[in-house]
Amino acid sequence: MRVCTATLESLSPLCQSRFHNTPKLEKESHDDYEKRTWREKLRADDSGNVVIPPMSLKFAIDDAAKRLRMRIPGKGQSEYGKLLAGGVMVMDGLTLNVKKDDVEGQWLHLNADGRRGGGTRVMRCIPTIPKWKGEMVFYIIDDAIPNDVFEYHLNQAGMIVGIGQHRPGNGGFCGRFKVVKTKWTNQ
């Protein structure tokens with residue numbers, strides 16, 4: 001097994017929209033509920049630092065592989081997508097040097113049901129982190145995935161797929177990132 005420690009840096013703001021089940025107060029309006037609970041859409045650790053969930057980056061790589069459809073040399077029509085889906089693990093999230101309580105919100109007029117093209121629109125506050133940087137650890141458990149192929153897919157994941165809400169993979173512009181450097185080790 002190989003380990004790739006990648007330093008990632010934002011190219012556009014990161015917006016998070018975690019589902020939370022915070023109970024509404026008695027007689028609280030939808031607007032008041034949104035004003036009170038919007039920061040609950042952030043993922044944070046026990047110390048209150050914002051965290052990018054590990055599966056966000058894993059799914060971004062998988063999605064990039066599906067879009068790129070890069071073929072495995074000497075294997076006919078076989079593509080790296082299946083190898084990356086089953087051969088890459090991301091165990092821990094990326095803890096940012098940003099406190100949940102310090103994050104600013106962005107008020108947007110969005111679909112009430114969360115689906116594009118729906119009828120009713122409401123004001124929602126989306127937690128937005130303008131800039132971020134950090135190290136992420138990826139475990140490459142399939143030896144058939146060359147280092148350069150993994151790095152290429154990670155780079156493309158940051159450009160064409162992104163992470164979080166309003167990411168490019170869903171037609172948005174937030175959540176883009178670049179790979180600043182990588183360090184490879186064997187375990």
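Along each chain, residues carry numbers from 1 onward, in the same order as the chain's sequence is written. With pLDDT at 70 or above as the cut-off, local features in this predicted model cover only qualifying residues; side-chain atom pairs require 80 or more to be listed or tallied, and sums for whole chains, interfaces and linings still use all residues. In computing side-chain values, all of the structure's heavy atoms are included and hydrogens and water are not.

1. Side note on the sheet that holds strand 7 (residues 121–129)
Part 1: Only when DSSP finds a minimum of two bridges between them are two strands counted as paired. Counting from the N terminus, the helices are the DSSP runs of H or I reaching at least four residues and the strands are the DSSP runs of E reaching at least two. Read across the open sheet, the three strands follow the order 2-7-6; overall the sheet is antiparallel. Pairing within the sheet leaves two strands with one partner each, and these edge strands are strand 2 (14–15) and strand 6 (104–111).
Part 2: In this sheet, strand 7 lies alongside strand 2 in antiparallel orientation, the contact comprising two bridges. Within strand 7, the position partnered with L14 by the bridge is I129.

2. Some details on the packing of helix 2 (residues 54–68) against helix 3 (residues 80–87)
Part 1: It is at 8 Å that the axes of helix 2 and helix 3 come closest, and there the two elements cross at 170°. On the basis of their axis angle, the class for helix 2 and helix 3 is roughly antiparallel. Residue-level contacts link K58, I61, D62 and A65 of helix 2 to G81, L84 and A85 of helix 3.
Part 2: Think of it as three bins: nonpolar holds Ala, Val, Leu, Ile, Met, Phe, Trp, Tyr, Cys and Pro, charged holds Asp, Glu, Lys and Arg, and polar takes everything else, Gly as well. Residues that form the contact of helix 2 with helix 3 fall into these classes: four nonpolar, one polar and two charged. Only the contacting stretch of a helix is used when fitting its axis, a line to C-alpha atoms as for every element, and angles between N-to-C directions run 0 to 180 degrees. In these notes the angle categories are as follows: under 35 degrees is roughly parallel, over 145 is roughly antiparallel, 65 to 115 is roughly perpendicular, and the rest is oblique. The contact rule is simple, with two residues in contact once any of their heavy atoms fall within 4.5 Å.

3. Focus: the side chain of K41
Part 1: Positionally, K41 belongs in the loop between helix 1 (30–37) and strand 3 (49–52).
Part 2: With a 1.4 Å probe rolled over the protein chains alone, any residue whose accessible area is under 20% of its type maximum counts as buried; one over 50% counts as exposed, and the rest are partly exposed. The exposure class of K41 is buried, given its relative accessible area of 9%.
Part 3: Here E34 takes part through its side chain, which lies 2.4 Å from a polar atom of the side chain of K41.
Part 4: Residues within four places of K41 in sequence aside, it is in contact with Q16, S17, R18, H20, E34, R124, C125, I126 and P127. Under this definition, polar contacts are N or O atom pairs within 3.5 Å; protein pairs additionally need one hydrogen-donor-capable and one acceptor-capable atom, and for neighbouring residues in sequence, both atoms have to be side-chain atoms.

4. Details of the pattern of salt bridges
Part 1: A carboxyl oxygen of Asp or Glu within 4 Å of a side-chain nitrogen of Lys or Arg is what we treat as a salt bridge. Going through the model one piece at a time under the given rule, you end up with nine salt bridges.
Part 2: Of the charged contacts in the structure, one is a salt bridge between K41 and E34, with a shortest N-O distance of 2.4 Å. Neither residue differs from the other here; K41 and E34 are each classed as buried.
Part 3: For K58, the salt bridge identified is with D62, shortest N-O distance 2.8 Å. Of this pair, K58 and D62 both sit in helix 2, four residues apart, which is roughly one turn of the helix. The residues K58 and D62 share a single accessibility class, namely buried.
Part 4: Salt bridges here are not isolated pairs; linked through shared partners, they connect R18, E40 and K100.

5. Remarks on unusual backbone geometry
Part 1: At K27, a position not held by glycine, the phi torsion is positive, near 65°.
Part 2: The residue K27 is located in the loop between strand 2 and helix 1 in this model.
Part 3: Residue classification places K27 among the exposed residues on the basis of a relative accessible area of 82%.
Part 4: The backbone of H166 shows a phi angle near 60°, a positive value even though the residue is not glycine.

6. Thoughts on the sheet that holds strand 9 (residues 177–186)
Part 1: One open sheet accounts for four strands, arranged 4-8-1-9; its pairing is antiparallel. Taken across any chain shown, the strands that pair with only one partner, and hence form the sheet edges, are strand 4 (88–89) and strand 9.
Part 2: Summarising the sheet, strand 4 and strand 8 (residues 133–140) pair through two bridges and their orientation is antiparallel. Paired with M89 across the bridge in strand 8 is Y139.
Part 3: Running at roughly 65° to strand 8, helix 2 makes contact with strand 1 (2–10), strand 4, strand 8 and strand 9 of the sheet.

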